[in-house]
Structure formats: structure tokens, C-alpha cells
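Listed below, chain by chain, are the residues.
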Amino acid sequence: MLLSPHQDLRFEPFSRRGSYLNFRRFDDTTYPDEGRQGLFLRHCHGARFLSPWLARITVNGVEPLSQWDEAVLTLSPPNGGGHVEIAFDGTESLRLRGQGCALELEFETAPGASMYPTRCGAWEVNTRACRRKVLLRAMVGELKTETDWHGEASKRMVARFTTDQGDAWEGVLDYFDSTWIPRDPRSFDVCAAEVRADFASFVEALPMASDEFAASKRRAAYVNWSAIVEPCGQFRRPAMLMSKNYMSNVWSWDHAFNAMAHMAGDPALAWDQMLLMADRQNEHGAFPDAQNDVHEHFNFCKPPIHGWAVGLLRASNPGFFTPSRVRETIAWLEPWTRWWMNHRLWEDGGLPLYLHGNDSGWDNSTFFLRGVPVFTPDLPAFLALQCRELAHLHHLLGHRADEIRWATEADRLQNLLLKTLWDGERFFALRLPGKEQVSADTLIEAIPLVLGSALPLEVRDRVILRLKRYLTPFGLATEHPQSPHYTPDGYWRGPIWAPPTLLIIDGLQRSGEGTLAKEIALRYLRLCTRSGFAENFDALTGAPLRDKAYTWTSSVFLILLSRLSEATPTLRD
């Protein structure tokens, strides 16, 4: 079984690797509520945020109790008397079976929705909100339906798997695109065993964990494994969504953290995650801000952490980066870097800028409180690292001129950062067009630590001194708790987030500050063990906030777990 202390369908959906289907429960504690109540079968096709639902699930007409492991969801009526079990058969079919109770599925209706019998004795459901069709079959027992017709659509579509005598029944739900192809369903137990074996192999590829973190490692594995969807539409390769809960997309910095978590044990999966945005790179070199299998948009972007990430991927699995893969990396990393240097400048040869907080990934950070465009200290730091990574990649290929060119650009950006956004005590931002100084109590001021030993020692020491102000018993607050703008559930104005935690830990390690890096890492690992893998956490209480099963949170947990292992002595000092 999975981790029973945190096992709750309100917070972690039941799904499997590859599938767009999932089960989730809604009540007044879920975020966002949107008035939903009950247990729902949902899908993630084209979901911008909250996944659309296919059907509300009840057992004997009431909301059921539930328990689950990685392979089987078990439902039972609150007053006892029987149970229903659900398992995935592949990624687009569900095997259903029950004993002593009935399973009801009330499908969502919409304009044009219809439910009708088929020649093989099954029933088909067609509703546009599903983005697919559903075919229901009873293998043992009965499939009863209730539907109506109002000239061009049904307003009620209910399917019930049951038996008159209350004996065992079995059924199948197939989720398909345009054409249902008949096939013999496999046995329930065979399907469940296949899913368990797939999850076990996924866990096996992850880093070792001490007893303190072993259960949380397994839970982190489930969050990542179950969030993967198979190639479809815009996704040309398997994609690890940020969540099948609410944030059912891939954003263009989130994916890099998921890649880093799996490079050592499953480099093919990791590289697929890294290339998701490269697949959608436009003619200007920009990455989309976010994408799913149906939609993408370029209204915003995300910060260029990708050179930093590629460097960590190479360190994690050097043999993976053959000359051909190095060339492949340069082919997308160079245009992405040039996009910032060509299209996000206020003045030629100046610093790059953000046009919105969303571009930084820190959507509502107080550096953006007075307006945009803004020069912030994280962006030139990221680009300096990215240029250095490009220099190193060209070095690996023997491209001396390109190596020198990118190394020179890295030094120029770093020098401009220190000249423009450092006042001798702290990093600050500048709001354009008047270059008004913005000094805010946001953790972004510490992000240039990611440059590590490349930062002058006196700068590092001052940044680290100020960094400690943000450290709470649970980790790094994104806004100083004494700031007038600090908000416990304020998104980037207070809560603890995974990305800056890893960026700063890595920068501390690069600076020779292994003791502080280890302390922050342990606080993060223990926070996740206590509160799960939420999108973010209350910095003063450790309470989980927003989406409660978010993959970059679990991925950073796995990365730090790896850094505590024998391979990374700097976190074991």
C-alpha cells in the first residue's frame, strides 16, 4: 500500500503512468472548491487548470469511502456491505468489479451530449467536455442505464453496474478518441499486477533513502509516476504534468526540475522532460510559457534556468551526454539564450528584463509591486550561468571560438549585474523606464547565489548573511516574515517553494557553504515528510498550500535525497 497517513483523494488523485484519466474527491477543503462535492472520474486533456470531469462516482447511490494503493482503488458504502474495485487496463481503459453493491457513474452533460446502446450490447457516452468518448460494458452482472433525449442532447446520463442478487459483477470502461476497436479485456488481477510492476520499476530507479525518508520517497515517486501522460497532440513525448489535481500543464521551468530528479536513474524519461519545451520552441527562440496536449501560449515566459539545469544533468549522468546529444542541446539552448539577449533588452548591451512577474516564475513577488518592466538580479545570474554552460558544451566539441564567445558574454552579464543591481549590501531591482530602485524583502535577492564561487567573496558573504533572515524552522520563506507584504498563503509573498530552495542550496554548495546547504536541505526534506508534496507551504507553520500533489515539489525532494547520498559529500559534511 501507499502512504496511509497522507493517502487522501482530496489531495492526491488516483491515476497511473501514461493515462490522462484520474479519480479525485472534492469537498470544502479542496482547492479550488468551485462548488464540487463528491468523487469524480476526470481527464487531463486540454486542462488549463482544474481537470474536466467525466462522471461523478457513487456506490449504492451515496458518496463512497475510499482507500487505494498504486494499482487498485477500493470504494465501499459508508454503512458497509460490499465493495467496488477499480484498476487501469493500460492507459485508456478501466477494469471495474464489485461485490454486494452497485457502482454508479453520472456523466457530465453538455450541448450535444448523448448516451446510446451499441450493437455489441454496450453503451456509449459522447460529451464534448470529455474530449473523448466512453464505452461501458458489463462482463459479469448487469449494466443498467438512465438517460433521456431533448431533441439534440441528453440531460441525464447514468450508468449502473450491479446484479439483482447482490453477487459479484465485473465491467469495463474504455476511453477512446474517434473509433472504438473491440478487444477482449484482460483479467482485473493481471491489470493490477502490471501496474504494480510498472510502479516498482519506477521506484527502483530512484535514489536510496534513509529510514527517515523512505516512506516519503515512495510517496514522491507516486506523485511523479502518476503525473506522467503519454504522447498526444502537442506532446510529442511522455510528459510529466505539474499535477493531475489542478495545475494540469507543463510550465517552462517546472519541467527542468522534473528532468533533474530522474536523470541518474531514468535518463530517457529525464531527457524527454527537458525537451518538452524545445519541441515547441518558436522561430524567435522563445519557449511557450505553458503547454498541454491541446493548448500552448507565449503570453508570458519562464526564467532561463535551463543552462543551470543542463549542467546538473551532465553532472548527474556524464555518459549520457554524447557528442550528438551535446549538439542537440546547443541547438535549442543557444536560440533560447539569444532570445533573451535580442528581444528582452531595454537598451543595447544592457541587462535583460521581465515584462511581468509571471515571466520570472515568481508571479506576484514584491519586486513587481510597483509595476513593470523590471530589471531583477536573478535573470542576469541565470543567463550568465547559461552562457557558461554553452561555453562548456562548445568546449566538449572542440569549438574554441564559440567557447570564448559564450564565456565572454557570461562575464559581461555578471559584471553588469554587480555594477547595476548591487549596492554593497544587497541586490535590488530597477523599475523601468525611470530605473527607479526597488528594494523589497523578497528571496529573489538571494538567487544570484546560484553563481556560486563566481560571485566575489565579499558579495557572497553579504548575500548569505541576508539569506539567513528568510530561514524559518521549515525552510526559506519567499518574502521575509516581518515584511508588511508577507502573507501566509500569499503565493510568492511568503510561502516556501521548491525551486528557490534547490537553486539556493546548489549555490551554497558551489560557494563552499556545505553546512548551511545541508541544513536547508534537511528542513525541506522534513517539511515534505510532514506535509506532503504541495505546490507550496506556509513558511511559519509548514502547512501544505494550493495544489497538494505537485511534481516539482516531489522532484526537488528526490534531488535533495540524492544529494544526501554517498555521491554528494558536500551535503554529508
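Keep in mind that this is a model prediction, so the values were computed, not measured.

Colleague: Teacher, can you tell me more about the overall build of the protein here?
Modeller: Broken down by element type, the protein carries 13 helices and 26 strands. Relative to the globule expectation of 25 Å for 573 residues, the C-alpha radius of gyration of the protein, 25 Å, shows essentially globular dimensions. On the principal axes, the C-alpha backbone points of the protein span a range of 80 × 45 × 45 Å. A buried classification covers 61% of the 573 residues belonging to the protein. Of the contacts made within the protein by residues no fewer than 6 positions apart, 64% connect residues no fewer than 24 positions apart. In the form shown here, the protein has an accessible surface area of approximately 20900 Å², with 50% of it arising from carbon and sulfur atoms. When the 61 basic and 70 acidic side-chain charges of the protein are each reduced to a single mean position, those positions are 2 Å apart.

Colleague: Please explain the sheet that holds strand S22 (residues 436–438) as it appears in this structure.
Modeller: Working definition: the strands of a sheet are paired by backbone hydrogen bonds and lie parallel or antiparallel to each other. Taken in spatial order, the three strands of this open sheet run S20-S21-S22, and their pairing is antiparallel. The sheet terminates laterally at strand S20 (374–375) and S22, the two strands that pair on one side only. In this sheet, strand S21 (residues 429–431) lies alongside S20 in antiparallel orientation, the contact comprising two bridges. Opposite Phe375, over in S21, you have Leu430 as the bridge partner.

Colleague: I tried to follow the sheet that holds strand S3 (residues 53–59) on my own but got confused; where do I start?
Modeller: Overall, antiparallel pairing links the six strands, which are arranged S1-S2-S3-S8-S13-S12 in an open sheet. Edge positions in the sheet fall to strand S1 (21–26) and strand S12 (142–147), since each has one partner strand and no second. Sheet twist, expressed as the mean angle between neighbouring strand axes with direction ignored, is 25°. In this structure, S3 lies alongside strand S8 (residues 103–107), joined through five bridges in antiparallel fashion. Bridged to Arg56 within S8 is Glu106.

Colleague: Just checking my understanding: could you explain the pattern of salt bridges for this structure?
Modeller: Charged atoms that come close allow side chains of opposite charge to pair. Inspection of the entire model under this criterion finds 46 salt bridges. For Asp69, the salt bridge goes to Arg196, with nearest N and O atoms at 2.7 Å. Here Asp69, found in the loop between strand S4 (65–68) and strand S5 (73–76), pairs with Arg196, found in helix H1 (residues 188–204); they are 127 residues apart in sequence, far enough to count as distant. Judged by its relative accessible area of 33%, Arg196 is partly exposed. Ionic pairing is found between Arg412 and Glu409, a salt bridge with its closest N-O pair at 2.7 Å.

Colleague: Just checking my understanding: could you explain the packing of helix H3 (residues 254–262) against helix H13 (residues 551–563) for this structure?
Modeller: Any two packed helices are characterised by how steeply their axes cross, that is the angle between the axes, and by the distance between the axes. The interhelical angle for the contact between H3 and H13, taken along N-to-C directions, is 35°, at an axis separation of 8 Å. Considering only the axes of H3 and H13, their crossing is left-handed. For the pair H3 and H13, the contacting residues are Asp254, Phe257, Asn258, Met260, Ala261 and His262 in the first and Thr551, Trp552, Ser555, Val556, Leu558 and Ile559 in the second. Considered class by class, the residues forming the contact of H3 with H13 number seven nonpolar, four polar and one charged.

Colleague: Honestly, the packing of aromatic side chains in this entry has me stumped. Any pointers?
Modeller: In this description, a pair of aromatic rings is defined by centroid distance and the angle of the planes. Tallying each qualifying case throughout the model produces 33 aromatic pairs. With a centroid separation of 4.8 Å and an interplanar angle of 55°, the aromatic rings of Trp422 and Phe427 are classed as tilted. You can call Trp422 buried: its relative accessible area is 15%. Residue placement shows Arg24 over the ring face of Phe26; its charged tip is 4.6 Å from the ring centre.

Colleague: Would you take a moment to explain H13 for this structure?
Modeller: Residues that lie three or four places apart on an α-helix share one face, since the helix turns once every 3.6 residues. Its 13 residues give H13 an end-to-end C-alpha distance of 18 Å, which sits within 8% of 18 Å, the value for a rise of 1.5 Å per residue. With respect to burial, H13 is a largely interior element, twelve of its 13 residues being buried. Within H13, the full set of buried residues consists of Thr551, Trp552, Thr553, Ser554, Ser555, Val556, Phe557, Leu558, Ile559, Leu560, Leu561 and Arg563.

Colleague: Looking at this structure, how should I read helix H4 (residues 267–275)?
Modeller: Burial analysis of H4 places seven of its nine residues in the buried class, which makes it a mostly covered element. Along H4, the residues classified as buried are Leu269, Ala270, Trp271, Asp272, Gln273, Met274 and Leu275. The inward-facing, buried residues of H4 abut H1, strand S15 (228–229), strand S16 (239–240), H3, helix H5 (306–316) and helix H6 (323–343).

Colleague: Quick question: what am I supposed to make of the nonpolar core here?
Modeller: Side chains of a nonpolar character, in soluble globular proteins, are inclined to be buried together. Ranked by size, the top nonpolar core spans 184 residues in total, and within it Leu103, Trp308 and Phe557 carry the most contacts. Ranked by the residues each element gives to this core, the list is headed by helix H8 (residues 378–396), at ten residues.

Colleague: Sorry, what's going on with the packing of helix H2 (residues 211–226) against H13 here?
Modeller: At a minimum axis distance of 9 Å, the contact between H2 and H13 shows a crossing angle of 135°. Taken as axis vectors, H2 and H13 run oblique relative to one another. Crossing of H2 over H13 shows left-handed handedness. Residue-level contacts link Phe213, Ser216, Lys217, Ala220, Val223 and Asn224 of H2 to Thr551, Ser554, Ser555, Phe557, Leu558 and Leu561 of H13. Taken together, the residues that form the contact of H2 with H13 break down as six nonpolar, five polar and one charged.

Conventions adopted
- Residues numbered from 1 in each chain as written.
- Predicted model: local features only at pLDDT ≥ 70, side-chain atom pairs only at ≥ 80, totals over all residues.
- Heavy atoms only, no water.
- Helix = DSSP H or I, 4+ residues; strand = E, 2+ residues; numbered from the N terminus.
- Rg over C-alpha atoms; globule rule 2.2 N^0.38 Å.
- Buried < 20%, exposed > 50% of the residue type's maximum accessible area, 1.4 Å probe, protein only.
- Contact = heavy atoms within 4.5 Å.
- Areas by Shrake-Rupley, 256 points an atom, 1.4 Å probe, with all protein chains shown as cover.
- Lys, Arg positive; Asp, Glu negative; His and termini not counted.
- Charge placed at Lys NZ, Arg CZ, Asp CG, Glu CD.
- Pairing = 2+ DSSP bridges.
- Axes fitted to C-alpha atoms, helices over the stretch in contact; angles between N-to-C directions.
- Salt bridge = Lys/Arg side-chain N within 4 Å of Asp/Glu carboxyl O.
- Left-handed = near helix turned anticlockwise from the far one by under 90°.
- Nonpolar A, V, L, I, M, F, W, Y, C, P; charged D, E, K, R; others polar.
- Phe/Tyr/Trp six-rings, centres within 6.5 Å; stacked < 30°, edge-to-face > 60°.
- Lys NZ or Arg CZ within 6 Å of the ring centre and 35° of its normal.
- Expected span 1.5 Å × (residues − 1).
- Core = buried A, V, L, I, M, F, W, Y, C linked by side-chain atoms within 4.5 Å.
- Parallel < 35°, antiparallel > 145°, perpendicular 65-115°, else oblique.

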